[in-house]
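# Chains, contacts and geometry: an overview
Chain residues, written in single-letter form:
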Amino acid sequence: MDIGVISVRYARALIKSAIEQKIQDRVYKEMQTLLQSFIKVPQLRFTIDNPMLDKSTKERLLVTASGTDVSDLTKRFIQLVLSEGRESTIKFMAASFITLYRKKYNITSGKLITAVPVTPDVEKKLKQKVESRTNGHVEFQTVVNPEIIGGYILEYDTYRLDASIQNQLRSILTQLSR
C-alpha cells in the first residue's frame, strides 16, 4: 500500500476523532510540533525507524516530540500507530493531518521574507491583505534574509510577489546584458 494513502487514512481518522472531541485545534498544534520535530531533528526519524528500540521508548520519544502537555487523543494515536507497526510513516501522517485541517478550516500558509525584521503592525497589514484575497485565515511565517537587501518577498498558495531590491537589481542586470 502507498505511504501517501496510509498517512491520509490515519490523518482522516485522527481529525474526525479530534473534531468529535472538540480538540481539533489542540491536536493541530501537536501535529505541527511533531512535524517540526522531525524536520529540526533528522535523527528522530532514524531513531523511530530503529527496529532494536522498544515501542515504549518510541512512544515516549514521539509524545515528547509532539510538545508539552500532549492530549490523550494524540497519545492514543501514537500508541495505535506503534501497535500497527506504522511508525515509519508517522511524519507523513502529521503532514497529512495538517493539510486536511488547513483545507477544512480554509487556512492558507504564507511566508513573508524581509531584509530586516518588520513591525507587528506591518506584518498584520500584509496578513489582512492576504486574508482578504483568500477569503480565509492565513498562518504567516516571517523570515529575515539580509541577502534580499531591501523590500520583501510574499508567498502564499501558488502566489509569489517578489518586491525585493535583489530582484530589481537582477532585473536591471538582465536588461543591461541584452
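Structure report, in brief. Source: prediction; values computed, not measured. (Residues numbered from 1 in each chain as written. Predicted model: local features only at pLDDT ≥ 70, side-chain atom pairs only at ≥ 80, totals over all residues. Heavy atoms only, no water.)

## What about helix H6 (residues 90-104)?
With 15 residues, H6 ought to run about 21 Å at 1.5 Å a step, and its terminal C-alpha atoms sit 21 Å apart, in line with that. Residues of H6 that are buried include every one of Ile90, Met93, Ala94, Ser96, Phe97, Ile98 and Tyr101, and no others. Among the structural elements, helix H1 (3-20), helix H2 (24-40), helix H4 (55-65), helix H5 (72-83) and strand S1 (107-114) are those in contact with the buried residues of H6. Count one or two residues on from H6 and you reach asparagine 106, which has phi positive near 50°. (Helix = DSSP H or I, 4+ residues; strand = E, 2+ residues; numbered from the N terminus. Expected span 1.5 Å × (residues − 1). Buried < 20%, exposed > 50% of the residue type's maximum accessible area, 1.4 Å probe, protein only. Contact = heavy atoms within 4.5 Å.)

## Considering empty space enclosed by the protein
Under the counting rule described, the total for this entry stands at one cavity of 30 Å³ or more. The volume enclosed by the largest cavity comes to roughly 30 Å³. If you trace the largest cavity, you find it lined by Phe38, Arg45, Ile48, Asp49, Glu87, Ser88, Ile90 and Lys91. Of all the secondary structure elements, the ones that give two or more residues to the lining of the largest cavity are helix H3 (43-49) and H6. Counting residues per element, the lining of the largest cavity draws most heavily on H3, at three residues. (1 Å grid on protein atoms, 1.4 Å probe; cavity = no way out; pocket = protein on both sides within 12 Å on 5 of 7 lines; lining within 4 Å. Points joined across faces, edges and corners; volume = space filled by probe spheres on them.)

## Regarding the packing of aromatic side chains
Within this structure, the stated rule accounts for five aromatic pairs. Between tyrosine 28 and tyrosine 101, the ring centres sit 3.9 Å apart and the planes meet at 15°, which makes this aromatic pair stacked. Placement of the pair is tyrosine 28 in helix H2 and tyrosine 101 in helix H6, with a sequence separation of 73 residues. The exposure class assigned to tyrosine 28 is buried, which follows from its relative accessible area of 4%. Here the aromatic rings of tyrosine 156 and tyrosine 159 are separated by 5.0 Å at their centres, their planes lie at 40°, and the arrangement is tilted. Taken together, the aromatic side chains of Tyr28, Phe97, Tyr101 and Tyr105 make up a single cluster linked through ring pairs. Note that arginine 45 overlies the ring of phenylalanine 46, its terminal NZ or CZ placed 4.4 Å from the centroid. The ring of tyrosine 159 carries the charged tip of arginine 133 above its face, separated from the ring centre by 5.4 Å. (Phe/Tyr/Trp six-rings, centres within 6.5 Å; stacked < 30°, edge-to-face > 60°. Lys NZ or Arg CZ within 6 Å of the ring centre and 35° of its normal.)

Keep in mind that these numbers describe shape and distance, not what the molecule does.
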